[in-house]
Amino acid sequence: MTNLTDIEAALDELPSDRLPFPVVEWRVEAGPDWSDDPAVWVWIVLERDDFEYDDASALLELKDVVHGRVKGLIDDDSFLYVRFGEASEAAKAS
């Protein structure tokens, strides 16, 4: 079984000065996906809500960094989904 605490700790160890955008928090969830396969979701909650289209390559870079960091920590049969959230949405949810 995938240990979500290990994933969160690995993400917290990412040096913030090397990330292309400030990250407010990481949210990690596990459960079945839409096809009932085991899955892990990593939500990257970004500080900014106002992104331009030009930021797309930096967002993909951040997604790749997270994917590379987490992929080895999940069960082999689990799918990994890396998604973005915005700080304003996170504030509404809490």
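This text goes with the structure placed above it.
Residues numbered from 1 in each chain as written. Predicted model: local features only at pLDDT ≥ 70, side-chain atom pairs only at ≥ 80, totals over all residues. Heavy atoms only, no water.

A. Inspection of the pattern of salt bridges at higher detail. The final tally for this structure, using the stated rule, is two salt bridges. Among the ionic pairs, Glu13 bridges to Arg69, the shortest N-O distance being 3.5 Å. Taken together, the positions of Glu13 in the loop between helix H1 (4-12) and strand S1 (23-32) and Arg69 in helix H2 (residues 56-70) put the pair 56 residues apart, joining distant regions of the chain. Residue Glu13 is classed as exposed on the basis of its relative accessible area of 57%. When its relative accessible area of 30% is taken as the criterion, Arg69 is described as partly exposed. Residues Glu25 and Arg27 are paired through a salt bridge, measuring 3.7 Å at the closest nitrogen-oxygen approach. (Salt bridge = Lys/Arg side-chain N within 4 Å of Asp/Glu carboxyl O. Helix = DSSP H or I, 4+ residues; strand = E, 2+ residues; numbered from the N terminus. Buried < 20%, exposed > 50% of the residue type's maximum accessible area, 1.4 Å probe, protein only.)

B. Spatial organisation of the pairing of S1. In this sheet, strand S2 (residues 38-46) lies alongside S1 in antiparallel orientation, the contact comprising nine bridges. Looking at the pairing, Val23 lines up with Leu46 of S2. (Pairing = 2+ DSSP bridges.)

C. Up close: the environment of Arg48. Among the structural elements, Arg48 can be located in the loop between S2 and H2. The spatial distance from the C-alpha of Arg48 to the C-alpha of Ala87 is 6.6 Å, given a sequence separation of 39 residues. For Arg48, the contacting residues outside a window of four places in its chain are Phe21 and Asp55. (Contact = heavy atoms within 4.5 Å.)

D. Layout of H1. Within the span of H1, buried status applies to Ile7, Ala10 and Leu11. Each buried residue of H1 sits inside an arc of 100° when the element is viewed along its axis, so together they form one side. Of the exposed residues in H1, the ones pointing more than 90 degrees away from its buried face are Thr5 and Asp12. Contact partners of the buried residues in H1: S1, S2 and H2. (Arc of directions from axis to C-beta.)

E. Spatial organisation of the side chain of Ser78. Summarising the element assignment, Ser78 is placed in the loop between H2 and strand S3 (79-86). Overall, Ser78 belongs to the buried group, its relative accessible area being 7%.

F. Spatial organisation of the sheet that holds S2. Ordered in space as S1-S2-S3, the three strands form an open sheet in which the pairing is mixed. Single-partner strands in this sheet number two, and they are S1 and S3. Strand after strand, the sheet turns through a mean of 20° between neighbouring axes, direction not considered. Across the sheet, H1 lies against S1 and S2, angled at about 155° from S1, the strand it touches most. Packed onto the sheet, H2 meets S1, S2 and S3 and runs at close to 140° relative to S3. (Axes fitted to C-alpha atoms, helices over the stretch in contact; angles between N-to-C directions.)

G. Summary view of the environment of Val66. Its location among the elements puts Val66 in helix H2. A sequence separation of 56 residues divides Val66 from Ala10, and the C-alpha atoms of the two residues are 9.4 Å apart. Setting aside residues up to four positions removed in sequence, Val66 forms contacts with Leu11, Trp26, Val42, Ile44 and Val82.

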